[in-house]
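Here is what each chain is made of, one letter per residue.
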Amino acid sequence: MNQTSPFLSAVPGQRPCIVVLDDYEQAFEALADWQPVRKHAQLHIQTTPLKGAPLLELLAEADVVVLMRDRTPLLADLIAQLPRLKLVVFTGTRNQALDVAALAARGIPVCHTGWGPSKDSTAELTWALIMAAHKRLVENCNALMQRKSQEGLEGHWRTPHALLPVLKGEILGLVGLGEIGGRVARYAQAFGMEVLAWSPRMTAERAAEHGASFVDLDTLLARSRIVSLHLVVSAQTRGLINAERLALMRADSLLVNTSRSTLVDTAALLQALSQGRPAQVALDVFDAEPLPEDDPLRRFPQALLSPHLGFVARPVFETFVQDARECVLAWLTREPLPRVLAP
């Protein structure tokens, strides 16, 4: 790589500005050496979320923007206010909050990174949430650790929810049976569960390849003790789990979502939880992230909430960070850009 090649900049003689957004995990500094970039460019790594005027103020000076997946949308109205922008890099291989057409109209290339074992990570977290919710693990562990409070309340040994169910013999309904759903199906079978499956393009033969039975969505919701979502959001699947479908679920059911929040009508889910059906939810994805402190989901004791950890794994982020660095360095040194997204 030719480090002495001339650099691209909006202002002659001015060092390019590289902005990395939403590095909540502080992974960019930890997992790659950015000194070659800093040698020839200004680098700002933002570790907290920004919106509105503070976001625009930061991005207005950026020649290159590196996005952590789709945490910050980069749409046409914002792109139009970034006169210096010349390259966008996003982590992962798909970004539904990026206006690729608006970038292409200005001739701005888009690069992406590889993934790493994110599907394994998400499947593992799905099963961790299933186990934790089904076994009431968090509330029982918290009860055990509770100490005497200022009000004189003693700690506990167990909660009233200590007579726990077992997974063997129960039914797991998988809404989506792709790479992640297929892994979760195997986990369920190892625990002796029956697996039902549905997706818009599912066939009985494809379900059988994963040891599952293909049923229609209403049947899956009505029969399954645990329902886990593993679909890509599309016009057909957005808001798929709505008030009518939530009402079909068993009174003792658990709804798990480690895919996308927009698969579920959140307002309908809040109403359903207030009515006790489903009995529990375990969620790793939310309409607003980070989840606001006053979000009503936080008020439900039957909700197990994790902070979007599905893809957050060290080997995944090693790929994200190192590939993003490669893209930035290629742009700085006028090398061919790797992994350019087709417009």
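Trainee: What's the story with the environment of G176 in this structure? I'm lost.
Mentor: Inspection of the secondary structure assignment puts G176 in the loop between strand 6 (171-175) and helix 8 (179-190). Under the relative-accessibility criterion, G176 is labelled buried at 2%. Excluding anything up to four places from it in sequence, G176 contacts G181, W198, S199, H230 and L231.

Trainee: What am I meant to see in the packing of aromatic side chains here?
Mentor: Think of a pair of aromatic rings as described by two things: how far the centres are apart, and how the planes are tilted against each other in angle. Taken as a whole, this structure holds seven aromatic pairs when the rule is applied. Ring centres 6.1 Å apart and planes at 70° place the aromatic pair W127 and Y187 in the edge-to-face group. Linking W127 in helix 6 (residues 118-134) with Y187 in helix 8, this pair joins segments that are 60 residues apart in sequence. What makes W127 buried here is its relative accessible area of 8%.

Trainee: Help me out: how do you make sense of the nonpolar core in this one?
Mentor: Soluble, globular proteins show a tendency: their nonpolar side chains are buried together. Residues V175 and L255 are the most contacted members of the largest nonpolar core, which totals 31 residues. Put simply, the parts of the chain that give this core at least two residues each are strand 6, strand 7 (194-198), helix 10 (217-223), strand 9 (226-229), helix 12 (266-274) and strand 11 (280-283). Among the elements that take part in this core, helix 12 stands out by supplying five residues, more than any other. What L255 contacts, discounting residues up to four positions off in sequence, is V227, L229, I241, L246, M249, L269, P278, Q280, V281 and A282.

Trainee: Mind showing me how you'd approach unusual backbone geometry here?
Mentor: With the exception of glycine, most residues fall at negative phi, and the peptide bonds are largely trans. Residues R277 and P278 are joined by a peptide bond in cis, for which omega reads 10°. Within the element layout of this structure, P278 appears in the loop between helix 12 and strand 11. Residues E289 and P290 are joined by a peptide bond in cis, for which omega reads -5°. Note on placement: P290 falls in the loop between strand 11 and strand 12 (303-305).

Trainee: Looking at this structure, I do not really get the pattern of salt bridges. What am I missing?
Mentor: Throughout the structure, instances matching the rule amount to 17 salt bridges. In this structure, E25 and R71 form a salt bridge, with 2.8 Å as the shortest nitrogen-oxygen distance. Of this pair, E25 sits in the loop between strand 1 (17-20) and helix 1 (27-31) while R71 is found in the loop between strand 3 (64-67) and helix 4 (76-79), placing the two residues 46 residues apart along the sequence. A salt bridge links R339 to D323, with the shortest nitrogen-to-oxygen separation between them at 4.0 Å.

Trainee: Where do I start with the packing of helix 6 against helix 8 in this structure?
Mentor: Packed helix pairs are specified by the crossing angle of their axes together with the interaxial distance, meaning the distance between the axes. Interhelical geometry of helix 6 versus helix 8 gives an angle of 45° and a closest axis separation of 9 Å. As summarised for this structure, helix 6 and helix 8 are arranged oblique, according to the angle between their axes. As helix 6 runs across helix 8, the sense of the crossing is right-handed. For the pair helix 6 and helix 8, the contacting residues are K119, D120, T122, A123, E124, T126 and W127 in the first and E179, I180, R183, V184, Y187 and A188 in the second. Looking at side-chain class alone, the contact of helix 6 with helix 8 contains six nonpolar, two polar and five charged residues.

Trainee: Any chance you could explain a nonpolar patch on the surface here in plain terms?
Mentor: A cluster of nonpolar side chains, namely L144, M145 and W157, defines an oily patch on the protein surface of about 390 Å² accessible area. You can see L144 is positioned in helix 7 (residues 137-145).

Trainee: Explain helix 12 here, please?
Mentor: Owing to its 3.6 residues per turn, the α-helix aligns residues three or four sequence positions apart on the same side. Inspection of helix 12 places A268, L269, L270, A272 and L273 among the buried residues, and these make up the whole buried set. Looking at the packing, one finds that the buried side of helix 12 touches helix 11 (243-246), strand 10 (254-257) and strand 11. Between a side-chain oxygen at the N-terminus of helix 12 and the backbone nitrogen of A267 the separation is 3.2 Å; the capping residue is D265.

Trainee: Quick question: what am I supposed to make of the sheet that holds strand 6 here?
Mentor: Where strands meet in a sheet, backbone hydrogen bonds hold them as pairs that are either parallel or antiparallel. Taken in spatial order, the seven strands make up an open sheet running 8-7-6-9-10-11-12, and their pairing is parallel. Each having just a single partner strand, strand 8 (213-214) and strand 12 make up the two edges of the open sheet. Bridge analysis of strand 9 against strand 10 gives four bridges, and the strand direction is parallel. Across the sheet, residue V227 finds its bridge partner in strand 10, namely L255. Packed onto the sheet, helix 6 meets strand 6, strand 9, strand 10, strand 11 and strand 12 and runs at close to 155° relative to strand 10. Packing against the sheet, helix 8 makes contact with strand 6 and strand 7, and its axis sits at approximately 175° to strand 6.

Trainee: What should I look at first to understand the state of the cysteines in this one?
Mentor: Inspection of every chain in the model, using the stated rule, returns zero disulfides. There is no disulfide at C327, and the cysteine sulfur nearest it, in C111, is 4.3 Å away.

Trainee: Even after reading the chapter, I still don't get the pairing of strand 3, so can you show me in this structure?
Mentor: It is a general feature of regular strands that their side chains alternate between the two faces of the sheet. Here strand 3 shows a buried face lined by V64 and V66 and a second buried face lined by V65 and L67. Where strand 3 and strand 4 (residues 87-90) come together, four bridges link them in parallel fashion. Paired with V64 across the two strands is L87, which belongs to strand 4.

Criteria and cut-off values
- Residues numbered from 1 in each chain as written.
- Predicted model: local features only at pLDDT ≥ 70, side-chain atom pairs only at ≥ 80, totals over all residues.
- Heavy atoms only, no water.
- Helix = DSSP H or I, 4+ residues; strand = E, 2+ residues; numbered from the N terminus.
- Buried < 20%, exposed > 50% of the residue type's maximum accessible area, 1.4 Å probe, protein only.
- Contact = heavy atoms within 4.5 Å.
- Phe/Tyr/Trp six-rings, centres within 6.5 Å; stacked < 30°, edge-to-face > 60°.
- Core = buried A, V, L, I, M, F, W, Y, C linked by side-chain atoms within 4.5 Å.
- Salt bridge = Lys/Arg side-chain N within 4 Å of Asp/Glu carboxyl O.
- Axes fitted to C-alpha atoms, helices over the stretch in contact; angles between N-to-C directions.
- Parallel < 35°, antiparallel > 145°, perpendicular 65-115°, else oblique.
- Left-handed = near helix turned anticlockwise from the far one by under 90°.
- Nonpolar A, V, L, I, M, F, W, Y, C, P; charged D, E, K, R; others polar.
- Patch = residues over 30% accessible without salt bridge, like charges linked within 9 Å, V, L, I, M, F, W, Y side chains within 5 Å.
- Areas by Shrake-Rupley, 256 points an atom, 1.4 Å probe, with all protein chains shown as cover.
- Polar contact = N/O pair within 3.5 Å; in protein donor to acceptor, adjacent residues only side chain to side chain.
- Pairing = 2+ DSSP bridges.
- Disulfide = S-S within 2.5 Å.

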